[in-house]
Amino acid sequence: MRGPAHHTKRVEGIEWHWVEAGEGEPVVLLHGIPESWQCWKHQIPTLATQFRVLAFDLKGYGQSDKEDGDYTGTNVARELIAVLDSLGIDRFRLAGHDWGAVIGDHICHHVPERIEHYMRCSFSLHVYDVRNSLHHQWNSLNPAAASKLMAKPKAFIRVWFESSCGPDTQLSDEEIEEIAAEFSNPGTADAVPRYFRDLKKNTPVDYSKFTFPVLVAFGAHDPRQPIEYFRGMEDHIPGLEAVLMMDSGHFMTRERPKEMTQALMFFYNSMLGPGVPLLDMSREHGLPVRPVQPREDWGANSFDSKPIK
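Residues numbered from 1 in each chain as written. Predicted model: local features only at pLDDT ≥ 70, side-chain atom pairs only at ≥ 80, totals over all residues. Heavy atoms only, no water.

Visitor: I'm lost on the overall build of the chain in this one. Help?
Guide: Assigned secondary structure in the chain consists of 12 helices and 8 strands. The globule rule puts the C-alpha radius of gyration for 309 residues at 19 Å, and the 19 Å found for the chain is close to it. In terms of principal-axis extent, the alpha carbons of the chain reach across some 80 × 40 × 35 Å. In the chain, which comprises 309 residues, the share counted as buried stands at 54%. Pairs at least 24 apart in sequence give 76% of the contacts found in the chain among residues at least 6 apart. Surface summary for the chain: the accessible area is close to 13900 Å², and the carbon and sulfur share equals 52%. Positive and negative side-chain charges in the chain, numbering 32 and 43 respectively, have mean positions lying 2 Å apart. (Helix = DSSP H or I, 4+ residues; strand = E, 2+ residues; numbered from the N terminus. Rg over C-alpha atoms; globule rule 2.2 N^0.38 Å. Buried < 20%, exposed > 50% of the residue type's maximum accessible area, 1.4 Å probe, protein only. Contact = heavy atoms within 4.5 Å. Areas by Shrake-Rupley, 256 points an atom, 1.4 Å probe, with all protein chains shown as cover. Lys, Arg positive; Asp, Glu negative; His and termini not counted. Charge placed at Lys NZ, Arg CZ, Asp CG, Glu CD.)

What follows is the structure, encoded as structure tokens:
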């Protein structure tokens, strides 16, 4: 198994940083706010036993470029696709958490024919109430003030995680310090608010293109992503295979590292059956735990169902 190793590459004038490990079919991992590639640090070692894993720092975060420009999900997705093109990556498995799912959705919209599987974490779709996420509106209207808050990363990170993790899955001080260290890279505090600034410039995503296998995951104790956001997704994502409700807050890759690793491995191997214990909470709350639409030519049986005469 190769890695993990740090890589950088300038594509279309933008410097990108990612961590890569393993060999095989590619898996692309995208973090959200206020994280970095380390969002997936607990999942990378196991994924790398089977796949070539690329965990990116999004533009504006970590060690990636922080120049001003277009920070819409629409555009950042196009820029990331250009990076994958430059690496010779055609078809790939994808996972996005939080804002990484915003960008992941746009990647799927732009190049649906290149997506093998897509895990979409902690992000609303057809239901959204700004009163649950007051920082979205405030940051979009006050990007300069948001920058001042983010310029004190240790305090900002602690507020984020203590208000977003589950009551029994709060992170250790050591992990908070680790996240804050990545968020302390020069320029981050100015760059990240641009995602909020450019929210209204995003173009719509056509979710009818999502015919490839999709797994949606969210935390039962996420204070800003209630269960109502995840009911009815089967009416909008034709490839939806399951909605995975976890005993977690918002940052499930860190709060439930083993379970999230299992979910990714099972899903990427098409082994996430409805009876898997990971889906116990989903079944209990009536969320989908099996594919919305059976695909053609499924089934191993060759039984002839014609009645016996």
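Structure's up, so let's keep going.
Visitor: Would you mind showing me how to read the packing of aromatic side chains here?
Guide: Each aromatic ring pair is characterised by the separation of its centres together with the angle its planes make. Overall, the coordinates contain 17 aromatic pairs when judged by the stated rule. Relative to Tyr268, the ring of Phe267 has its centre 5.8 Å away and its plane inclined at 35°; by these criteria the two rings are tilted. The pair Phe267 / Tyr268 is uniform in exposure class, with both members buried. Members of the aromatic cluster, joined through ring pairs, are Tyr61, Tyr71, Trp99, Phe156, Trp160, Phe161, Phe183, Tyr195, Phe196 and Phe251. (Phe/Tyr/Trp six-rings, centres within 6.5 Å; stacked < 30°, edge-to-face > 60°.)

Visitor: Just checking my understanding: could you explain the sheet that holds strand β6 (residues 115–121) for this structure?
Guide: Backbone hydrogen bonds hold the strands of a sheet together, and the pairing may be parallel or antiparallel. Taking strand neighbours across the sheet as the criterion, the 8 strands line up as β1-β2-β4-β3-β5-β6-β7-β8 in an open arrangement whose pairing is mixed. Each edge of the open sheet carries a strand with a single partner, namely β1 (5–11) and β8 (240–246). Adjacent strand axes in the sheet meet at a mean angle of 20°, parallel and antiparallel pairs treated alike. Relative to strand β5 (residues 92–97), strand β3 (residues 26–30) is paired through 4 bridges, and the arrangement is parallel. Note on β5: the bridge partner recorded for Val27 is Arg93. (Pairing = 2+ DSSP bridges. Axes fitted to C-alpha atoms, helices over the stretch in contact; angles between N-to-C directions.)

Visitor: In this structure, what is going on with the pattern of salt bridges? I would like to understand it.
Guide: Two side chains bearing opposite charge may form a pair once their charged atoms approach each other closely. Under the counting rule described, the total for this entry stands at 23 salt bridges. Arg197 is paired through a salt bridge with Asp68; the nearest N and O atoms lie 3.1 Å apart. Of this pair, Arg197 sits in helix α9 (residues 193–197) while Asp68 sits in the loop between β4 (52–57) and α2 (73–86), placing them 129 residues apart in sequence. You can call Arg197 partly exposed: its relative accessible area is 31%. The partner of Arg131 in a salt bridge is Asp129, and the shortest N-O contact between them spans 2.8 Å. (Salt bridge = Lys/Arg side-chain N within 4 Å of Asp/Glu carboxyl O.)

Visitor: Help me understand the side chain of Thr188, please; the structure alone is not making it clear to me.
Guide: Its place among the elements puts Thr188 in helix α8 (residues 188–191). Only 2.8 Å separates the side chain of Thr188 from the backbone oxygen of Asn185, close enough to count as a polar contact. Not counting the four nearest positions on each side in its chain, Thr188 is found in contact with Gly60, Lys66, Glu182, Phe183 and Pro193. (Polar contact = N/O pair within 3.5 Å; in protein donor to acceptor, adjacent residues only side chain to side chain.)

Visitor: Hey, could you run me through the packing of α2 against helix α3 (residues 99–110) in this one?
Guide: For any two helices packed against each other, the geometry is given by the interaxial angle and the distance between the axes. Relative orientation of the contacting elements α2 and α3 amounts to 65°, with a least axis distance of 8 Å. In terms of axis orientation, α2 runs roughly perpendicular to α3. Considering only the axes of α2 and α3, their crossing is right-handed. Contacts from Gly73, Thr74, Val76, Ala77, Arg78, Leu80 and Ile81 of α2 reach α3 at Val102, Ile103, His106, Ile107 and His110. Its residues placed into classes, the contact of α2 with α3 shows 7 nonpolar, 4 polar and 1 charged. (Parallel < 35°, antiparallel > 145°, perpendicular 65-115°, else oblique. Left-handed = near helix turned anticlockwise from the far one by under 90°. Nonpolar A, V, L, I, M, F, W, Y, C, P; charged D, E, K, R; others polar.)

Visitor: Would you mind showing me how to read the environment of Met265 here?
Guide: Along the chain, Met265 falls in helix α11 (residues 257–268). Each C-alpha atom of the pair Met265 and Gln43 lies 9.2 Å from the other, and the pair is 222 residues apart in sequence. Apart from the residues lying within four places of it in its own chain, the contact partners of Met265 are Thr46, Leu47, Thr49, Gln50 and Phe51.

Visitor: What exactly am I supposed to notice about the environment of Asn75 here?
Guide: Position of Asn75 among the secondary structure elements: in helix α2. Classification of Asn75 as buried rests on a relative accessible area of 16%. Sequence separation between Asn75 and Gly32 is 43 residues, and the spatial gap between their C-alpha atoms is 16 Å. Apart from residues lying up to four places away in sequence, Asn75 is in contact with Lys59 and Asp70. A distance of 3.0 Å separates a polar atom in the side chain of Asn75 from the backbone oxygen of Asp70.

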